[in-house]
Amino acid sequence: MIRKVVILARGLGTRMQKEDQSVALDASQAQAARRGLKALIPLANGRVFLDYLLSSVADAGYSEVCLVVAPEHGELRRRYQQEIPLRRLSVTFAVQEKPLGTANAVAAAEEFAGDDDFIMINSDNYYPVAALAGLRALKGAGVALFDQDTMLSRSNIAAERIKAFAVGVVDSDGRLVRILEKPTAEVLSQLPRPLWLSMNCWRFRPSIFEACRRIDLSPRGEYEITDAVQYAIDRLGEEFQAVLVREPVFDMTSRSDIPSMAARLANVSVQL
């Protein structure tokens, strides 16, 4: 079973930086939010959000983590290289020089991954251990997809955002056929139920790096990991097995997410 995880932690956190007078934050939370440091939002007992995600990664059986960061993200380096002890995980860093999209971020971790399969996840989502462990148990590439109804009823993400998430189309053998980005209501109405959402939780083989290098910029001017996945399927013959998960993903995007996330994780033990 694989042991490596790449976590995308370069984000600028523009939505987190936006003031929200309806949310009461303590001084340390407000300071981190002003700087857009979603991964370093303090929650409880001296723990920040990324600590909880890393603990789940370790719970799922992984032992090596690469954080893809911006050149100026010294706080993350200090925390995981100097400030807190790591017993279950080793944490290294890869620098994404410019914010050119998720595929560009994955490409920054090529040296870390080497010839090994690895998991890729976001640093501002808290994924269930079942999803991470399910990907680890696969043989070959894969994606964790999440039941839309479960996300609507149990996640902390607003319903209008959930309904706009990318949807994975899976064939009768459980293989991913396509990721539909921002599908229209008409397209969604024609898909079988349940709808399975992509939350950027992938298992990649080293072939993904070739795909990341070969795709073009998307209409919004970024190299998108979903485009790289589609290239790997269509042009490189890669098969992505879907792990279907009926547990929610929690999100740390804006200041309004901080109190609910702190409450949900209050009794979660962190072991790094």
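The structure this text deals with has already been given above.
Because the structure is predicted, anything quoted here is derived from the model rather than measured.

A. A look at the nonpolar core. One finds Leu43, Tyr80, Ile121 and Phe146 to be the most contacted residues of the largest nonpolar core, which totals 64 residues. No other element matches the seven residues that helix α3 (residues 49-59) contributes to this core. In contact with Ile121, not counting residues within four places along its chain, are Val5, Val6, Ile7, Leu8, Leu53, Val57, Tyr127, Leu132, Asn200 and Cys201.

B. Structural context of the pattern of salt bridges. Applying the stated criterion to the full structure yields 18 salt bridges. When the shortest N-O distance is used, the salt bridge between Glu75 and Arg35 registers 2.3 Å. With Glu75 in helix α4 (residues 74-83) and Arg35 in the loop between α2 (27-34) and β2 (42-44), the pair connects residues that are 40 residues apart, well separated along the chain. Across the pair Arg79 and Asp51 runs a salt bridge, and its minimum N-O distance is 2.6 Å. Here Asp51 lies in helix α3 and Arg79 lies in helix α4, a separation of 28 residues in the sequence. Residues Arg79 and Asp51 agree in their burial class; the two are buried. Taken together, the salt bridges that share partners define one network made up of Arg3, Lys4, Glu64 and Asp116.

C. Region of the structure containing the layout of surface pockets. Size it by volume and the largest pocket reaches roughly 1,600 Å³. Every residue lining the largest pocket is counted, 46 residues in all, and those nearest its centre are Arg15, Thr102, Asn122, Asn200 and Arg220. At the level of elements, α1 (14-17), α5 (102-107), β11 (196-204) and α12 (225-234) are the ones that each hand at least two residues to the lining of the largest pocket. A per-class count over the lining of the largest pocket returns 18 nonpolar, 16 polar and twelve charged. Here the second largest pocket is characterised by a volume of approximately 270 Å³. Every residue lining the second largest pocket is counted, 13 residues in all, and those nearest its centre are Leu37, Leu40, Val48, Glu75 and Glu83. Elements supplying a minimum of two residues to the lining of the second largest pocket: α2 and α4. Counting residues per element, the lining of the second largest pocket draws most heavily on α4, at four residues.

D. Molecular detail of the packing of aromatic side chains. Applying the stated criterion across every chain, the model contains five aromatic pairs. Relative to Phe209, the ring of Phe118 lies with its centre 5.6 Å away and its plane at 20°, an arrangement referred to as stacked. Highlighted residues: Phe118 in strand β6 (residues 118-122) and Phe209 in helix α11 (residues 207-214), separated in sequence by 91 residues. For the ring pair Trp202 and Phe204, a centre distance of 5.7 Å and an interplane angle of 10° mean the geometry is stacked. A single burial state applies to Trp202 and to Phe204, both of which are buried. Residue placement shows Lys4 over the ring face of Phe112; its charged tip is 5.3 Å from the ring centre. If you follow Arg136 out to its NZ or CZ, it ends over the ring of Tyr62, 5.8 Å from the centre.

Conventions adopted
- Residues numbered from 1 in each chain as written.
- Predicted model: local features only at pLDDT ≥ 70, side-chain atom pairs only at ≥ 80, totals over all residues.
- Heavy atoms only, no water.
- Core = buried A, V, L, I, M, F, W, Y, C linked by side-chain atoms within 4.5 Å.
- Buried < 20%, exposed > 50% of the residue type's maximum accessible area, 1.4 Å probe, protein only.
- Helix = DSSP H or I, 4+ residues; strand = E, 2+ residues; numbered from the N terminus.
- Contact = heavy atoms within 4.5 Å.
- Salt bridge = Lys/Arg side-chain N within 4 Å of Asp/Glu carboxyl O.
- 1 Å grid on protein atoms, 1.4 Å probe; cavity = no way out; pocket = protein on both sides within 12 Å on 5 of 7 lines; lining within 4 Å.
- Points joined across faces, edges and corners; volume = space filled by probe spheres on them.
- Nonpolar A, V, L, I, M, F, W, Y, C, P; charged D, E, K, R; others polar.
- Phe/Tyr/Trp six-rings, centres within 6.5 Å; stacked < 30°, edge-to-face > 60°.
- Lys NZ or Arg CZ within 6 Å of the ring centre and 35° of its normal.

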